[in-house]
Amino acid sequence: MNWQAISFDWNQVRAFLAATEEGSFSGAARALKSTQPTIGRQISALEGSLGVTLLERSIRGLTLTQEGRELLDHVRAMGEAATLISMVADGQSQDVTGEVTVTATDLMSAAMLPAILAPLRQTAPGIRVRIVATGDIQNLMQREADIAIRHARPDQPELIARHVGDFRASLYAASVYLDRVGRPCKPRDVADHAFVGTPDPERLIAPLHDQGIPVRAESFVMSSDSNVVEWEMVKAGYGVSMQPEALGEAEPRMEKVLPSLPSLEFPIWLVTHRELRTNRRIRVVFDTLARGLAEVTARAS
(Lines give C-alpha, C1' and ligand atoms only; values in the text may rest on other atoms or scores of the structure.)
Protein backbone atom coordinates (compact mmCIF):
# COMPACT_ATOMS: atom_id res chain seq x y z
CA MET A 1 0.00 0.00 0.00
CA ASN A 2 1.36 3.41 -1.00
CA TRP A 3 0.21 5.39 2.03
CA GLN A 4 1.83 8.60 0.81
CA ALA A 5 -0.41 8.56 -2.29
CA ILE A 6 -3.57 8.75 -0.13
CA SER A 7 -3.67 12.51 0.35
CA PHE A 8 -7.39 13.28 0.32
CA ASP A 9 -10.13 13.35 2.94
CA TRP A 10 -13.00 10.83 2.74
CA ASN A 11 -15.52 13.55 3.57
CA GLN A 12 -14.34 15.45 0.51
CA VAL A 13 -14.72 12.36 -1.67
CA ARG A 14 -18.17 11.75 -0.21
CA ALA A 15 -19.20 15.33 -1.04
CA PHE A 16 -18.06 14.87 -4.65
CA LEU A 17 -19.97 11.59 -4.97
CA ALA A 18 -23.13 13.04 -3.47
CA ALA A 19 -23.01 16.12 -5.73
CA THR A 20 -22.59 13.88 -8.75
CA GLU A 21 -25.43 11.54 -7.76
CA GLU A 22 -27.79 14.35 -6.73
CA GLY A 23 -26.87 16.71 -9.58
CA SER A 24 -26.26 19.78 -7.42
CA PHE A 25 -24.50 21.10 -4.32
CA SER A 26 -27.86 21.73 -2.68
CA GLY A 27 -28.98 18.16 -3.35
CA ALA A 28 -25.72 16.83 -1.94
CA ALA A 29 -26.16 19.01 1.15
CA ARG A 30 -29.63 17.58 1.75
CA ALA A 31 -28.44 14.00 1.27
CA LEU A 32 -25.47 14.44 3.63
CA LYS A 33 -27.32 16.68 6.10
CA SER A 34 -24.77 19.41 5.48
CA THR A 35 -24.84 22.88 3.93
CA GLN A 36 -24.27 23.97 0.35
CA PRO A 37 -21.18 26.12 1.16
CA THR A 38 -19.63 23.20 3.06
CA ILE A 39 -20.15 20.87 0.09
CA GLY A 40 -18.57 23.45 -2.20
CA ARG A 41 -15.54 23.85 0.06
CA GLN A 42 -15.05 20.10 0.40
CA ILE A 43 -15.13 19.54 -3.36
CA SER A 44 -12.79 22.46 -3.98
CA ALA A 45 -10.39 21.02 -1.38
CA LEU A 46 -10.55 17.61 -3.08
CA GLU A 47 -9.79 19.19 -6.45
CA GLY A 48 -6.88 21.04 -4.88
CA SER A 49 -5.40 17.94 -3.28
CA LEU A 50 -5.70 15.95 -6.50
CA GLY A 51 -4.57 18.80 -8.74
CA VAL A 52 -7.48 18.43 -11.18
CA THR A 53 -10.88 19.99 -11.82
CA LEU A 54 -13.65 17.44 -11.28
CA LEU A 55 -16.82 19.48 -11.75
CA GLU A 56 -17.66 22.47 -13.89
CA ARG A 57 -20.31 24.81 -12.45
CA SER A 58 -22.72 26.74 -14.70
CA ILE A 59 -26.26 28.07 -14.61
CA ARG A 60 -27.35 24.74 -16.13
CA GLY A 61 -25.93 22.83 -13.18
CA LEU A 62 -22.94 20.58 -12.62
CA THR A 63 -21.01 18.86 -15.41
CA LEU A 64 -18.32 16.25 -14.88
CA THR A 65 -14.97 17.00 -16.51
CA GLN A 66 -13.04 14.23 -18.23
CA GLU A 67 -10.99 13.80 -15.04
CA GLY A 68 -14.20 13.69 -13.02
CA ARG A 69 -15.67 10.96 -15.23
CA GLU A 70 -12.51 8.90 -14.94
CA LEU A 71 -12.54 9.22 -11.15
CA LEU A 72 -16.27 8.61 -10.64
CA ASP A 73 -16.29 4.80 -10.92
CA HIS A 74 -13.46 4.55 -8.38
CA VAL A 75 -15.26 6.92 -6.03
CA ARG A 76 -18.46 4.91 -6.31
CA ALA A 77 -16.52 1.76 -5.45
CA MET A 78 -15.16 3.58 -2.38
CA GLY A 79 -18.69 4.57 -1.40
CA GLU A 80 -19.94 1.01 -1.70
CA ALA A 81 -16.96 -0.25 0.30
CA ALA A 82 -17.60 2.36 3.00
CA THR A 83 -21.22 1.23 3.24
CA LEU A 84 -20.18 -2.39 3.65
CA ILE A 85 -17.54 -1.46 6.24
CA SER A 86 -20.14 0.41 8.27
CA MET A 87 -22.55 -2.51 8.09
CA VAL A 88 -19.93 -5.06 9.05
CA ALA A 89 -18.76 -2.86 11.93
CA ASP A 90 -22.33 -2.68 13.16
CA GLY A 91 -22.81 -6.42 12.67
CA GLN A 92 -25.71 -5.58 10.37
CA SER A 93 -24.76 -7.11 7.04
CA GLN A 94 -25.65 -10.57 8.27
CA ASP A 95 -28.66 -9.21 10.16
CA VAL A 96 -30.34 -7.48 7.22
CA THR A 97 -33.50 -9.40 6.42
CA GLY A 98 -36.56 -9.09 4.24
CA GLU A 99 -37.55 -9.21 0.60
CA VAL A 100 -36.16 -7.08 -2.24
CA THR A 101 -37.84 -7.18 -5.65
CA VAL A 102 -35.66 -6.74 -8.72
CA THR A 103 -37.07 -6.27 -12.21
CA ALA A 104 -35.14 -6.85 -15.45
CA THR A 105 -35.76 -8.23 -18.90
CA ASP A 106 -36.42 -11.94 -18.99
CA LEU A 107 -33.16 -12.60 -20.86
CA MET A 108 -31.04 -10.73 -18.32
CA SER A 109 -33.01 -12.32 -15.47
CA ALA A 110 -32.34 -15.82 -16.79
CA ALA A 111 -28.83 -15.47 -18.22
CA MET A 112 -27.02 -13.00 -15.97
CA LEU A 113 -28.71 -12.36 -12.62
CA PRO A 114 -28.14 -15.84 -11.12
CA ALA A 115 -24.35 -15.35 -11.16
CA ILE A 116 -24.46 -11.65 -10.26
CA LEU A 117 -26.69 -12.19 -7.20
CA ALA A 118 -24.87 -15.29 -5.93
CA PRO A 119 -22.62 -13.37 -3.46
CA LEU A 120 -25.71 -12.30 -1.51
CA ARG A 121 -26.11 -15.80 -0.13
CA GLN A 122 -22.84 -15.31 1.78
CA THR A 123 -22.89 -11.59 2.56
CA ALA A 124 -26.57 -11.17 3.44
CA PRO A 125 -28.28 -14.56 3.72
CA GLY A 126 -31.33 -13.01 5.39
CA ILE A 127 -32.32 -11.15 2.23
CA ARG A 128 -34.84 -12.82 -0.07
CA VAL A 129 -34.74 -11.65 -3.69
CA ARG A 130 -37.79 -11.82 -5.93
CA ILE A 131 -37.12 -11.32 -9.64
CA VAL A 132 -39.82 -9.89 -11.88
CA ALA A 133 -38.86 -10.61 -15.49
CA THR A 134 -40.25 -7.62 -17.37
CA GLY A 135 -39.03 -4.46 -19.07
CA ASP A 136 -41.84 -2.21 -17.82
CA ILE A 137 -40.58 0.81 -15.85
CA GLN A 138 -44.06 1.17 -14.36
CA ASN A 139 -43.28 -1.74 -12.05
CA LEU A 140 -40.90 0.61 -10.26
CA MET A 141 -43.20 3.63 -10.33
CA GLN A 142 -46.07 1.63 -8.86
CA ARG A 143 -43.81 0.21 -6.15
CA GLU A 144 -44.15 -3.28 -7.57
CA ALA A 145 -40.35 -3.48 -7.56
CA ASP A 146 -37.53 -2.03 -5.47
CA ILE A 147 -34.78 -2.04 -8.11
CA ALA A 148 -34.95 -2.05 -11.91
CA ILE A 149 -32.30 -2.76 -14.55
CA ARG A 150 -33.06 -0.76 -17.67
CA HIS A 151 -31.50 0.33 -20.97
CA ALA A 152 -32.68 3.95 -20.68
CA ARG A 153 -32.31 6.51 -17.91
CA PRO A 154 -35.71 7.31 -16.37
CA ASP A 155 -36.81 10.93 -16.26
CA GLN A 156 -38.91 10.65 -13.10
CA PRO A 157 -37.31 12.90 -10.44
CA GLU A 158 -38.30 10.58 -7.59
CA LEU A 159 -36.05 7.81 -8.94
CA ILE A 160 -32.30 7.36 -8.49
CA ALA A 161 -30.45 6.04 -11.54
CA ARG A 162 -26.86 4.89 -11.88
CA HIS A 163 -25.15 4.10 -15.18
CA VAL A 164 -23.19 0.92 -14.48
CA GLY A 165 -21.80 0.24 -17.95
CA ASP A 166 -22.64 -0.47 -21.55
CA PHE A 167 -23.44 -3.71 -23.32
CA ARG A 168 -22.45 -4.32 -26.92
CA ALA A 169 -24.78 -6.08 -29.31
CA SER A 170 -24.12 -7.62 -32.72
CA LEU A 171 -25.94 -9.69 -35.29
CA TYR A 172 -25.73 -13.40 -34.48
CA ALA A 173 -27.05 -16.57 -36.07
CA ALA A 174 -26.71 -20.26 -35.38
CA SER A 175 -23.89 -21.97 -37.24
CA VAL A 176 -26.38 -24.56 -38.55
CA TYR A 177 -28.45 -21.74 -40.07
CA LEU A 178 -25.45 -20.14 -41.77
CA ASP A 179 -24.24 -23.55 -42.98
CA ARG A 180 -27.64 -24.03 -44.59
CA VAL A 181 -28.17 -20.62 -46.25
CA GLY A 182 -24.65 -19.29 -46.56
CA ARG A 183 -22.62 -16.58 -44.85
CA PRO A 184 -23.01 -12.99 -46.08
CA CYS A 185 -19.94 -11.28 -47.53
CA LYS A 186 -21.08 -7.65 -47.29
CA PRO A 187 -23.75 -5.66 -45.38
CA ARG A 188 -26.16 -5.66 -48.30
CA ASP A 189 -26.17 -9.46 -48.29
CA VAL A 190 -27.38 -9.58 -44.68
CA ALA A 191 -30.74 -8.07 -45.70
CA ASP A 192 -31.51 -11.20 -47.73
CA HIS A 193 -31.53 -13.36 -44.59
CA ALA A 194 -34.42 -14.25 -42.30
CA PHE A 195 -34.51 -12.28 -39.04
CA VAL A 196 -35.72 -13.04 -35.52
CA GLY A 197 -36.79 -10.15 -33.31
CA THR A 198 -39.48 -8.45 -31.30
CA PRO A 199 -43.03 -7.71 -32.49
CA ASP A 200 -41.86 -4.13 -33.15
CA PRO A 201 -38.94 -4.53 -35.60
CA GLU A 202 -38.85 -0.82 -36.51
CA ARG A 203 -36.56 -0.08 -33.55
CA LEU A 204 -33.90 -2.32 -35.09
CA ILE A 205 -34.50 -1.49 -38.75
CA ALA A 206 -33.21 2.10 -38.49
CA PRO A 207 -29.78 1.28 -36.96
CA LEU A 208 -29.38 -1.60 -39.43
CA HIS A 209 -30.08 0.76 -42.31
CA ASP A 210 -27.36 3.03 -40.90
CA GLN A 211 -24.96 0.07 -41.22
CA GLY A 212 -25.89 -0.46 -44.87
CA ILE A 213 -28.31 -3.34 -44.25
CA PRO A 214 -31.65 -2.52 -45.98
CA VAL A 215 -33.69 -4.98 -43.96
CA ARG A 216 -37.51 -4.74 -44.09
CA ALA A 217 -40.20 -5.59 -41.57
CA GLU A 218 -41.17 -8.56 -43.74
CA SER A 219 -37.72 -10.04 -43.13
CA PHE A 220 -38.63 -10.80 -39.50
CA VAL A 221 -40.03 -14.30 -39.85
CA MET A 222 -40.17 -15.00 -36.10
CA SER A 223 -40.88 -12.59 -33.26
CA SER A 224 -41.70 -12.71 -29.57
CA ASP A 225 -42.30 -10.37 -26.64
CA SER A 226 -39.91 -12.61 -24.71
CA ASN A 227 -36.18 -12.06 -25.18
CA VAL A 228 -35.57 -15.60 -23.93
CA VAL A 229 -37.88 -17.05 -26.60
CA GLU A 230 -36.17 -14.87 -29.22
CA TRP A 231 -32.74 -16.13 -28.11
CA GLU A 232 -33.88 -19.75 -28.25
CA MET A 233 -35.35 -19.24 -31.74
CA VAL A 234 -32.02 -17.90 -32.96
CA LYS A 235 -30.15 -20.84 -31.42
CA ALA A 236 -32.61 -23.19 -33.13
CA GLY A 237 -31.61 -21.79 -36.52
CA TYR A 238 -34.55 -19.60 -37.51
CA GLY A 239 -32.43 -16.67 -38.63
CA VAL A 240 -30.35 -13.62 -37.72
CA SER A 241 -30.89 -11.56 -34.57
CA MET A 242 -29.31 -8.66 -32.68
CA GLN A 243 -28.08 -10.13 -29.41
CA PRO A 244 -25.74 -9.08 -26.56
CA GLU A 245 -22.15 -10.04 -27.25
CA ALA A 246 -21.85 -11.24 -23.65
CA LEU A 247 -24.26 -14.05 -24.60
CA GLY A 248 -23.38 -14.58 -28.24
CA GLU A 249 -19.66 -15.03 -27.62
CA ALA A 250 -20.32 -17.52 -24.82
CA GLU A 251 -22.53 -19.78 -26.94
CA PRO A 252 -20.42 -22.14 -29.12
CA ARG A 253 -23.33 -22.87 -31.47
CA MET A 254 -23.66 -19.18 -32.40
CA GLU A 255 -21.46 -16.95 -34.55
CA LYS A 256 -21.35 -13.32 -35.57
CA VAL A 257 -22.91 -12.51 -38.90
CA LEU A 258 -20.38 -10.44 -40.84
CA PRO A 259 -17.90 -9.81 -37.97
CA SER A 260 -16.61 -6.65 -39.65
CA LEU A 261 -19.84 -4.83 -38.80
CA PRO A 262 -19.46 -2.41 -35.85
CA SER A 263 -21.25 -3.35 -32.65
CA LEU A 264 -24.19 -1.39 -31.29
CA GLU A 265 -23.89 -0.11 -27.72
CA PHE A 266 -26.73 0.24 -25.25
CA PRO A 267 -26.42 1.52 -21.68
CA ILE A 268 -27.29 -0.34 -18.51
CA TRP A 269 -28.99 1.73 -15.82
CA LEU A 270 -29.64 0.58 -12.28
CA VAL A 271 -32.74 2.38 -11.02
CA THR A 272 -34.37 2.55 -7.59
CA HIS A 273 -36.36 4.78 -5.26
CA ARG A 274 -34.88 7.39 -2.94
CA GLU A 275 -35.53 4.84 -0.20
CA LEU A 276 -32.09 3.51 -1.21
CA ARG A 277 -30.56 5.94 1.29
CA THR A 278 -32.50 4.61 4.27
CA ASN A 279 -33.32 0.97 3.48
CA ARG A 280 -30.36 -1.27 4.20
CA ARG A 281 -31.59 -4.37 2.38
CA ILE A 282 -32.24 -2.39 -0.82
CA ARG A 283 -28.80 -0.81 -0.47
CA VAL A 284 -27.10 -4.19 -0.14
CA VAL A 285 -28.84 -5.64 -3.22
CA PHE A 286 -28.33 -2.43 -5.22
CA ASP A 287 -24.58 -2.42 -4.51
CA THR A 288 -24.29 -6.12 -5.34
CA LEU A 289 -26.03 -5.57 -8.67
CA ALA A 290 -23.89 -2.49 -9.40
CA ARG A 291 -20.65 -4.39 -8.85
CA GLY A 292 -21.77 -7.45 -10.81
CA LEU A 293 -23.13 -5.55 -13.79
CA ALA A 294 -20.02 -3.35 -13.93
CA GLU A 295 -17.86 -6.49 -14.03
CA VAL A 296 -19.99 -8.08 -16.77
CA THR A 297 -19.96 -4.96 -18.95
CA ALA A 298 -16.22 -4.51 -18.42
CA ARG A 299 -15.53 -8.08 -19.56
CA ALA A 300 -17.77 -7.62 -22.60
CA SER A 301 -16.13 -4.35 -23.70
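Residues numbered from 1 in each chain as written. Predicted model: local features only at pLDDT ≥ 70, side-chain atom pairs only at ≥ 80, totals over all residues. Heavy atoms only, no water.

Engineer: Break down the overall build of the protein for me, citing the residues and quoting the values.
Structural biologist: The secondary structure content of the protein amounts to 14 helices and eleven strands. Relative to its 301 residues, the protein shows a buried fraction of 45%. Long-range contacts, defined as pairs at least 24 residues apart, comprise 73% of the intrachain contacts of the protein with a sequence gap of at least 6. Per element, the accessible surface of the protein, about 15,500 Å² overall, is 52% carbon and sulfur. (Helix = DSSP H or I, 4+ residues; strand = E, 2+ residues; numbered from the N terminus. Buried < 20%, exposed > 50% of the residue type's maximum accessible area, 1.4 Å probe, protein only. Contact = heavy atoms within 4.5 Å. Areas by Shrake-Rupley, 256 points an atom, 1.4 Å probe, with all protein chains shown as cover.)

Engineer: Describe the side chain of aspartate 106, listing the residues and the values that go with them.
Structural biologist: Within the secondary structure layout, aspartate 106 lies in helix α5 (residues 106-111). One buried charged residue, aspartate 106, forms no salt bridge at all, with the nearest opposite charge on arginine 150 at 10 Å. Only 3.1 Å separates the side chain of aspartate 106 from the backbone nitrogen of asparagine 227, close enough to count as a polar contact. Those residues in contact with aspartate 106 that lie beyond four places of it in its chain are Ala133, Ser226, Asn227 and Val228. (Lys, Arg positive; Asp, Glu negative; His and termini not counted. Salt bridge = Lys/Arg side-chain N within 4 Å of Asp/Glu carboxyl O. Polar contact = N/O pair within 3.5 Å; in protein donor to acceptor, adjacent residues only side chain to side chain.)

Engineer: Which residues make up the packing of helix α1 (residues 10-22) against helix α2 (residues 25-32), and what values go with them?
Structural biologist: Between α1 and α2, the shortest axis-to-axis distance is 8 Å and the interhelical angle comes to 115°. Our pair here, α1 against α2, has a crossing hand that is right-handed. Contact with α1, carried on its side by Arg14, Ala15, Ala18, Ala19 and Glu22, involves Phe25, Gly27, Ala28, Ala31 and Leu32 of α2 and no other residues of that element. Classifying every residue of the contact of α1 with α2 gives seven nonpolar, one polar and two charged. (Axes fitted to C-alpha atoms, helices over the stretch in contact; angles between N-to-C directions. Left-handed = near helix turned anticlockwise from the far one by under 90°. Nonpolar A, V, L, I, M, F, W, Y, C, P; charged D, E, K, R; others polar.)

Engineer: Residues and numbers for the environment of aspartate 189, please.
Structural biologist: Along the polypeptide, aspartate 189 turns up in helix α10 (residues 187-190). With 23 residues separating them in the primary sequence, aspartate 189 and glycine 212 have C-alpha atoms 9.6 Å apart.

Engineer: Hey, could you go over the pattern of salt bridges for me, with residue numbers and the actual values?
Structural biologist: Using the criterion set out here, one finds 15 salt bridges in the structure. When the shortest N-O distance is used, the salt bridge between arginine 130 and glutamate 99 registers 3.6 Å. Of this pair, arginine 130 sits in strand β4 (residues 127-133) while glutamate 99 sits in strand β3 (residues 98-104), placing them 31 residues apart in sequence. When its relative accessible area of 36% is taken as the criterion, glutamate 99 is described as partly exposed.

Engineer: Explain the nonpolar core to me, using residue names and the numbers behind them.
Structural biologist: Of all hydrophobic cores here, the largest spans 57 residues; its most connected members are Met108, Ile147, Ile149, Leu171, Leu270, Val285 and Leu289. The contacts of leucine 270, once residues within four sequence positions are left out, are Ile147, Ala148, Ile149, Ile160, Ala161, Arg162, Val164, Phe286, Leu289, Ala290 and Leu293. Ranked by size, the runner-up nonpolar core spans 17 residues in total, among them Ala15, Phe16, Phe25 and Ile39. (Core = buried A, V, L, I, M, F, W, Y, C linked by side-chain atoms within 4.5 Å.)

Engineer: Go over the packing of aromatic side chains, please, and point to the residues and values.
Structural biologist: Applying the stated criterion to the full structure yields two aromatic pairs. Taking the centre distance of 5.9 Å and the plane angle of 75° together, the rings of phenylalanine 167 and phenylalanine 266 count as edge-to-face. Here phenylalanine 266 lies in strand β11 (residues 264-273) and phenylalanine 167 lies in strand β6 (residues 159-174), a separation of 99 residues in the sequence. Taking the relative accessible area as the measure of exposure, phenylalanine 167 reaches 2% and is therefore buried. (Phe/Tyr/Trp six-rings, centres within 6.5 Å; stacked < 30°, edge-to-face > 60°.)

Remember, this is a structural readout, not a statement about activity or role.
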